[in-house]
Amino acid sequence: MFSVQQLRTFTQHIFQSIGFSEADATLASTVLISADLRGVDSHGIARLAGYVRLFDHGRLNPTPNIRIVHESPSTAVVDGDAGVGLVVGPKTMQIVIEKAKNVGSGWVSVQNSNHFGIAGYHAMLALEHDMIGMAMTNAAPLVAPTFALEKMLGTNPIAVAVPANEEPAFVADFASTAAAYGKFEILQRKNQPAPLGWAQDANGQITTDSNPIKNGGALLPLGSDREHGSHKGYGLGSIVDIFSGVLSGANYGPWVPPFATAGFMAAAEGVGKGTGHFFGAMRIDGFRPADEFKAHMDNWIRRFRSAQAVEGKQVLIPGDPERELEAIRMQEGIDLLPPVVDSLEVLGKRFGIQL
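**Some words on the sheet that holds strand β7 (residues 199-200)**
One open sheet accounts for three strands, arranged β8-β7-β9; its pairing is antiparallel. Among the strands making up the open sheet, the edge pair consists of β8 (206-207) and β9 (218-219). Across two bridges, the pairing between β7 and β9 is antiparallel. When the sheet's bridge partners are listed, A199 is paired in β9 with L219.

**Details of a nonpolar patch on the surface**
A surface patch of nonpolar side chains, about 450 Å² in accessible area, is lined by I239, I242, F243, V246 and L247. Within the secondary structure, I242 is located in helix α7 (residues 230-246).

**Here we look at the side chain of R305**
Position of R305 among the secondary structure elements: in helix α8 (residues 290-305). Among the polar contacts listed, one links the side chain of R305 to the side chain of D320, at a separation of 2.7 Å. Dropping the residues within four chain positions of it, R305 is found in contact with E167, P168, Q314, V315, I317, D320 and R323.

**What to know about the packing of aromatic side chains**
Taken as a whole and assessed by the stated rule, the structure comprises eleven aromatic pairs. For the ring pair F170 and W300, a centre distance of 5.8 Å and an interplane angle of 80 degrees mean the geometry is edge-to-face. In this pair, F170 sits in strand β6 (residues 170-174) while W300 sits in helix α8, placing the two residues 130 residues apart along the sequence. Arranged with centres 6.3 Å apart and planes meeting at 20 degrees, the rings of Y181 and F184 form a pair that is stacked. Of this pair, Y181 and F184 both sit in helix α6 (residues 181-190), separated by three residues, roughly a single helical turn. Take Y181 and F184: they sit in the same class, and that class is buried. Among the aromatic side chains, those forming a connected cluster through ring pairs are F15, F20, Y51 and F259.

**What to know about helix α4 (residues 85-103)**
An ideal rise of 1.5 Å per residue puts 27 Å on 19 residues; α4 measures up with 26 Å between its terminal C-alpha atoms. Looking at α4, one finds that the buried residues are G85, L86, V87, V88, G89, P90, T92, M93, V96, I97, K99 and A100. Just downstream of α4, G104 is the residue with a positive phi angle, here 105 degrees.

**What to know about the packing of helix α2 (residues 22-37) against α4**
Remark: α2 packs on α4, axes separated minimally by 8 Å, with the N-to-C direction vectors making an angle of 95 degrees. When the axis of α2 is compared with that of α4, the two are roughly perpendicular. Facing D24, L27, A28, V31 and L32 of α2, the residues of α4 in contact are L86, V87, P90 and K91. Class assignment for the residues of the contact of α2 with α4 results in seven nonpolar, no polar and two charged.

**Looking at the environment of D209**
When you line up the elements, D209 lands in the loop between β8 and β9. Through-space distance from the C-alpha of D209 to that of P195 is 8.6 Å; in sequence the pair is 14 residues apart. Reaching out from D209, the side chain makes a polar contact with the backbone nitrogen of N211 at a distance of 2.9 Å.

**A few points about the packing of helix α1 (residues 4-17) against α2**
Interaxial distance between α1 and α2 falls to 8 Å at its minimum, and their mutual angle equals 135 degrees. The angle between α1 and α2 places the two elements in the oblique class. Of the two possible hands of crossing, α1 and α2 adopt the one that is right-handed. Together, V4, L7, R8, T11, Q12, F15 and Q16 of α1 and E22, A25, T26, A28, S29, L32, I33 and L37 of α2 make up the contact between the two elements. Partitioning the contact of α1 with α2 into residue classes produces eight nonpolar, five polar and two charged.

**As for unusual backbone geometry**
With a phi angle near 75 degrees, F147 is a residue other than glycine that sits in the positive phi range. One can find F147 in the loop between β4 (131-137) and β5 (158-162). Using a relative accessible area of 74% as the deciding quantity, one classes F147 as exposed. For N156, which is not glycine, the phi torsion reads 35 degrees and is therefore positive.

**A closer look at the sheet that holds strand β1 (residues 67-71)**
With mixed pairing, the seven strands of this open sheet are ordered in space as β1-β2-β3-β10-β4-β5-β6. The open sheet has two edge strands, β1 and β6, and neither has a second partner. Averaged over neighbouring strand pairs, the angle between their axes works out to 15 degrees when direction is ignored.

**A closer look at the pattern of salt bridges**
This model, assessed by the stated rule, comprises 17 salt bridges. The salt bridge partner of K294 is D130, with a shortest N-O separation of 2.9 Å. Here K294 is found in helix α8, whereas its partner D130 is found in the loop between α5 (119-124) and β4, with 164 residues between them in sequence. We classify K294 as buried; its relative accessible area is 11%. Of the charged contacts in the structure, one is a salt bridge between R302 and E167, with a shortest N-O distance of 2.8 Å. With a gap of 135 residues between them, R302 in helix α8 and E167 in the loop between β5 and β6 connect regions that are remote in the sequence. With relative accessibility at 39%, the residue R302 sits in the partly exposed group. One salt-bridge network, held together by shared partners, links E166, E167, R302, R305, D320 and R323.

The rules behind each value
- Residues numbered from 1 in each chain as written.
- Predicted model: local features only at pLDDT ≥ 70, side-chain atom pairs only at ≥ 80, totals over all residues.
- Heavy atoms only, no water.
- Pairing = 2+ DSSP bridges.
- Helix = DSSP H or I, 4+ residues; strand = E, 2+ residues; numbered from the N terminus.
- Patch = residues over 30% accessible without salt bridge, like charges linked within 9 Å, V, L, I, M, F, W, Y side chains within 5 Å.
- Areas by Shrake-Rupley, 256 points an atom, 1.4 Å probe, with all protein chains shown as cover.
- Salt bridge = Lys/Arg side-chain N within 4 Å of Asp/Glu carboxyl O.
- Polar contact = N/O pair within 3.5 Å; in protein donor to acceptor, adjacent residues only side chain to side chain.
- Contact = heavy atoms within 4.5 Å.
- Phe/Tyr/Trp six-rings, centres within 6.5 Å; stacked < 30°, edge-to-face > 60°.
- Buried < 20%, exposed > 50% of the residue type's maximum accessible area, 1.4 Å probe, protein only.
- Expected span 1.5 Å × (residues − 1).
- Axes fitted to C-alpha atoms, helices over the stretch in contact; angles between N-to-C directions.
- Parallel < 35°, antiparallel > 145°, perpendicular 65-115°, else oblique.
- Nonpolar A, V, L, I, M, F, W, Y, C, P; charged D, E, K, R; others polar.
- Left-handed = near helix turned anticlockwise from the far one by under 90°.

Take a look at the structure:
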């Protein structure tokens, strides 16, 4: 069990050791540990060694010149200069928010970036400005479209954050696959099988293999198979890929470069620059008075929470489990699996930093 501050400090020092400025290292560590705080352990400090491997392979620029390369009053394309998405993402969201302040909404697509942590963190940056925030990213091709044997899409998450007044914000943050790849990594560390419907084998048959990529298989879109709506998950993943990659000039589809923890480092010859993201923000008062909207969001949330539920269960609002776990972990600390601790200790030994 580690305190939040322990993990943030350790992570910050590791990032500084590979050349990050103190400000960027602090930002990157805050974004990364926010995943652990919210219970998305697959995208938290367990990925720190992966970012260092990206740096080792020359794919991560610790001092990027993040810049706008094309824009209109409400839109832009940002070049992340091969920076870590943990820094590129929040800095791009500030551009998005400024555009929304000026003209009502902001929409920015990003090229030449890397893995950006949890999508929800970036979307939530809009909340304090009385805006609805959106964030999405494409990722390494681990997912077979419906009826395909070939891996063509990433887990391609979508996040939407909507402010309320007295109630906590509505925060939907989910992969467009049956499960995020990080959940497979957790199962691999525990030497456990995957639930049925998460993956297919090399022949396109549903499998419980928790390492299907290694064995020629693929992850499945949200819905798992056609009869259960996998074409909808495939559609969602495709939308994210087009907004993040085709629109920005980043790589897309099977050309998106892999993240280090996917077990391979070589990327196919690209059709664009790096990994792509897409961010948006909308001023609520561009539609109706913000206080009026947030009061109705309170009403919406309370009515859904009070919906009659099956015995022993309660209807939750997107963001509830993460918010509740964050409160607990801020007080009690974050429990890390032994393989994750081992990887951190290896990093600490390399850079002379005590975990």
